[in-house]
Amino acid sequence: MQIGIMAGPECNPVPPNHNDIRSIEMAKKDISTRFWEKVDTSGDCWEWTASKSTAGYGQISRVGKRGPAQAHRVSYELHNGEIPDGLFICHKCDNRGCVNPDHLFAGTPKDNSQDMLKKGRRFQPKVDGMNSSHSKLTNEQVRYIRASGATQTNLAKVFGVTQAAVWYIKARRTYRNVI
Ligand SMILES: [Zn+2]
């Protein structure tokens, strides 16, 4: 008698192989479930309770993507669909850990800097990385480039720098003091 092999259709069910789940819908469902497990919706701002980047944005890993995605961008995508390449997702509430879709809006880098200007961020005294005569980008933009999943070519176009400059930023060869 062989051990472990039993007859009957209810025995030895084939376990679902999660590696085979390729469809975007399934991946979306998966990220949506994992996403909401990490959100505290008790307040007006919906706080991200899992890991955050050094800049204070929530982070979540995604199926088939390298590196974590920013939680507020995922929130925006879950509610509004895919973010066009190169667009920022800005916070109306100025709380980087917030993922409440009502507090988020998509904008161009120009909108973002105007928004920052309105909020006075541009006048923060910390100017590390902006002292160099070659500096074209703000610390905020450098952080955005590093976190972005957009192609280097697209980022270069959006920020008006060369693709090589984007590569250097991502590789931390430049703007090393921006964290
Ligand atoms: Zn908020």
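Note that the structure is a prediction, hence the values are computed from the model and not measured. (Residues numbered from 1 in each chain as written. Predicted model: local features only at pLDDT ≥ 70, side-chain atom pairs only at ≥ 80, totals over all residues.)

1. Considering the confidence of the model for the protein chain
Parts of the model with low pLDDT should not have their predicted coordinates read in detail. Basically, it comes down to this: You can read pLDDT as the predictor saying how much it trusts each residue, on a scale of 0 to 100. Helix and strand labels come from DSSP, where a helix needs a run of H or I of at least four residues and a strand needs a run of E of at least two; each type is numbered from the N terminus. It is the C-beta atoms, placed from the backbone, that decide contacts: two residues are in contact if theirs lie within 7 Å.
Summing up the model confidence of the protein chain, the mean pLDDT is 77 and the portion of residues at 70 or higher is 70%. Model confidence for the protein chain, summarised as mean pLDDT per element, is weakest for helix α3 (residues 109-119) at 68 and strongest for strand β2 (residues 47-48) at 97. This stretch, residues 4-22, has a pLDDT under 50; its non-local contacts, to residues over four places away or in other chains, come to four contacts. This model gives residues 123-134 a pLDDT under 50, and the stretch forms twelve contacts once residues within four places in sequence are excluded.

2. Quick word on the nonpolar core
Operational definition: Think of a nonpolar core as buried Ala, Val, Leu, Ile, Met, Phe, Trp, Tyr and Cys residues chained together by C-beta atoms that fall within 7 Å. For every residue, the other C-beta atoms within 10 Å of its own C-beta are counted; 20 or more classify it as buried, 12 or fewer as exposed, and values in between as partly exposed. C-beta atoms are placed from the backbone. What fixes the domain bounds is an automatic or database domain assignment.
Grouped together as the largest cluster of nonpolar side chains are 17 residues, with contacts concentrated most on I89, V142, I145, L155, F159, V166 and I169. Looking at this core, the elements with two or more residues in it are β5 (88-91), α4 (139-147), α5 (152-159) and α6 (163-170). Taken domain by domain, this core gets at least three of its residues from each of domain 1 (22-123) and domain 2 (126-179). Apart from the residues within four sequence positions on either side, I169 is in contact with V142, I145, R146, T174 and Y175.

3. Notes on the environment of D30
Looking at the secondary structure, you find D30 in helix α1 (residues 24-36). C-alpha of D30 to C-alpha of R62: the two residues are 32 residues apart in sequence and 9.1 Å apart in space.

4. Comments concerning unusual backbone geometry
In this model, R172 sits at a positive phi of 60°, which is unusual for a non-glycine residue. When you line up the elements, R172 lands in the segment after α6. Residue classification places R172 among the partly exposed positions, given that 13 C-beta atoms sit within 10 Å. Not every positive phi belongs to a glycine, and Y175 is a case in point at roughly 50°. Note on Y175: 24 C-beta atoms within 10 Å, which makes it buried.

5. Quick notes on the environment of I31
Relative to the elements of secondary structure, I31 occurs in helix α1. I31 sits 43 residues away from V74 along the chain, and the two C-alpha atoms are 8.6 Å apart.

6. Some words on the packing of α4 against α6
Heads up, the rule is: In this analysis, axes come from line fits to C-alpha atoms, helices being fitted only over the stretch in contact, and the angle between any two N-to-C directions falls in the range 0 to 180 degrees. Throughout this description, any angle smaller than 35 degrees is read as roughly parallel, any larger than 145 degrees as roughly antiparallel, any in the 65 to 115 degree range as roughly perpendicular, and the remainder as oblique. When residues are sorted by character, Ala, Val, Leu, Ile, Met, Phe, Trp, Tyr, Cys and Pro go into the nonpolar class, Asp, Glu, Lys and Arg into the charged class, and all the rest, Gly among them, into the polar class.
Across the interface, α4 lies against α6 with an axial gap of 9 Å and an inter-helix angle of 85°. Judged on the interaxial angle alone, α6 and α4 are roughly perpendicular. The residues of α6 that touch α4, namely those facing V142, I145 and R146, are V166, I169 and K170. Class assignment of the residues belonging to the contact of α4 with α6 gives a composition of four nonpolar, no polar and two charged.

7. Some points on helix α2 (residues 71-80)
Of the residues making up α2, those classed as buried are A71, H72, R73, V74, S75 and Y76. Following α2 by one or two positions, G81 adopts a phi angle in the positive range, close to 90°.

8. Topic: α6
To be explicit about the condition: As used here, the arc belongs to the directions running from the helix axis to the C-beta atoms.
Regarding α6, the residues found buried are A165, V166 and I169. All buried residues of α6 lie within an arc of 100° about the axis, which places them on one face of the element. Considering only its buried residues, α6 is in contact with α4 and α5. With its phi angle positive at about 60°, R172 sits one or two positions after the end of α6.

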